[in-house]
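Structural overview for review
So you can see what is in the structure, the chains are spelled out below.
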Amino acid sequence: MKLNNLKTHALGLLLILLLAGNSSRADDSLPALMQRMKSDTAVRIAYQETRKLELMEQPWRGSGYMYSLPPDIMIKEQLKPERVMMGIQGDKLFYFEPLNDVRHQGEIEEDNPLSLNIAVFKALINADEAFLQKMYRVDFLTKQQGWVMTLKPKQDAESGFSIIISGLPQQQANSIKVRQADGDVSEFSLRKDAAGDEIKATVKRLYRELLGE
């Protein structure tokens, strides 16, 4: 399993939380956004991803679905160009490449750079703004055309790593841009696709597949 591929899929799970919740709020602020992320039902999000890597002449493109099942299951199912799955449940991290029959399972460790980014997902789904402010430098900006939130690691804010999330006024995120310290960039466009009991059943099926059951 390539670390950069895992890292990109892990960060992609952040998108689930930013699009899964309620859409109606009176204002745009970090606390209001975090409350919008909370959801009590299963959600499916359609996404398209573009990766611009220094070692590749042409951008890489992929697409698929992301799923959220409260309180703590999140799954990213890439369907194109090939099927790849990643998910988290509580403090557990799962990765599965069906084509190559590659599986990985581990623990989320908050002192690990990759795990730290995944830990952000937990903070967001639990509306834990204190954790977010503790671990990241958070800049939240509102404009007439929408809102923008930028996350940079507090311990190394000048590393070049950043997550830039944006959305329309009083709405969830519709795009995210992840810039790695090495200059690689991943961009996502998002669309809430479906929610409810049928999606809940799908999430449970995908989760069993991640576990290899």
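For the structure itself, look to the data block above.
Presented here is an overview of the structure given in this document. Since we're looking at a predicted model, the values are computed, not measured. For every chain, the first residue of the written sequence is number 1, and numbering continues from 1 along that sequence. Whole-chain, interface and lining totals are the exception, using all residues; otherwise, since this is a predicted model, local features are given only for residues with pLDDT of at least 70 and side-chain atom pairs are given and counted only at 80 or more. Note that the side-chain values use all heavy atoms of the structure and ignore hydrogens as well as water.

**Brief notes about the pattern of salt bridges**
Here, a salt bridge means any side-chain nitrogen of Lys or Arg that lies within 4 Å of a carboxyl oxygen of Asp or Glu. Summed over all chains, the structure comprises 9 salt bridges. K76 serves as the salt-bridge partner of E49, at 3.3 Å between the closest nitrogen and oxygen. Placement of E49 in strand β1 (residues 43-52) and of K76 in strand β3 (residues 73-80) is noted, with a sequence separation of 27 residues between them. For each residue, the accessible area found with a 1.4 Å probe, counting protein chains only, is set against the maximum for its type, and the residue is called buried under 20%, exposed over 50%, and partly exposed in between. On the basis of relative accessible area, E49 is assigned to the buried category, the value being 2%. Taking the shortest distance from any N to any O, the salt bridge between R83 and E209 comes out at 2.6 Å. Pair noted here: R83 is in the loop between β3 and β4 (84-89) and E209 is in helix α5 (residues 197-211), with a separation of 126 residues, a long-range link. Its relative accessible area of 25% is what places R83 among the partly exposed residues. A network of salt bridges, in which partner residues are shared, links R44, R191 and D193. Put simply, DSSP H or I for four residues or longer makes a helix, DSSP E for two residues or longer makes a strand, and each gets a number counted from the N terminus.

**A closer look at the sheet that holds strand β7 (residues 136-143)**
Strand pairing follows a simple DSSP-based rule, namely that at least 2 bridges must link the two strands. Reading across from one edge, β6-β5-β4-β3-β2-β1-β11-β10-β9-β8-β7 is the order of the 11 strands in this open sheet, with antiparallel pairing throughout. Both edges of this open sheet fall to β6 (102-107) and β7, since each of them pairs with a single strand only. The sheet shows a mean angle of 15 degrees between the axes of neighbouring strands, taken without regard to direction. The sheet contact formed by β7 and strand β8 (residues 146-153) spans 8 bridges and is antiparallel. Its bridge partner lying in β8, K143 is registered against G146. Throughout, an axis means a line fitted to C-alpha atoms (over the contacting stretch in the case of helices), and angles, computed between N-to-C directions, take values from 0 to 180 degrees.

**Notes on the environment of L168**
In this structure, L168 sits in the loop between β9 (162-167) and β10 (173-179). Exposure remark for L168: the relative accessible area of 47% places this residue in the partly exposed category. Considered as a pair, L168 and V148 are 20 residues apart in the sequence and their alpha carbons are 9.1 Å apart. Residue contacts follow a heavy-atom distance rule, with two residues in contact if any of their heavy atoms lie within 4.5 Å. When residues no more than four places from it in sequence are discounted, the contact partners of L168 are Q145, G146, W147 and N174.

**Focus on unusual backbone geometry**
Looking along the chain, the bond that leaves K80 and enters P81 is cis, with omega of 5 degrees. Along the chain, P81 turns up in the loop between β3 and β4. Its identity is not glycine, yet D101 carries a phi of approximately 50 degrees, on the positive side. Along the polypeptide, D101 turns up in the loop between β5 (92-97) and β6. Residue D101 is classed as exposed on the basis of its relative accessible area of 56%.

**Some words on the environment of R61**
Residue position: R61 is located in strand β2 (residues 60-69). Since its relative accessible area comes to 56%, R61 is described here as exposed. If we ignore the near neighbours within four places in the chain, the residues touching R61 are E49, T50, K80 and P81.

**Things to note about α5**
Compared with the 21 Å implied by 1.5 Å per residue over 15 residues, the 21 Å span of α5 between its first and last C-alpha is a close match. Residues of α5 that are buried: I199, T202, V203, L206, Y207 and L210. For α5, the arc enclosing every buried residue in end-on projection is 135 degrees, short of the 170-degree limit, so these residues lie on one face. The exposed residues of α5 that point more than 90 degrees off its buried face are D197 and E198. G212 sits one or two residues past α5 and shows a positive phi near 80 degrees. Helix span, as expected, comes to 1.5 Å for every residue beyond the first. Starting at the helix axis, one direction is taken to each C-beta atom, and the arc is that of these directions.

**Considering the environment of A32**
Counting through the fold element by element, A32 comes out in helix α2 (residues 30-37). For A32, a relative accessible area of 8% puts it in the buried group. In sequence terms A32 and Q170 are 138 residues apart; their C-alpha atoms lie 8.7 Å from each other.

**Quick look at the nonpolar core**
By size, the foremost hydrophobic cluster in this structure holds 23 residues, and its most contacted members are V138, M149, L151, I163 and I165. Counting residues per element, the ones that place at least two in this core are α2, β1, α4 (129-135), β7, β8, β9, β10 and β11 (185-195). One finds A42, I199, L206 and Y207 within the second-largest nonpolar core, a separate group that totals 13 residues. What makes a nonpolar core is a set of buried Ala, Val, Leu, Ile, Met, Phe, Trp, Tyr and Cys residues whose side-chain atoms join them at distances within 4.5 Å.

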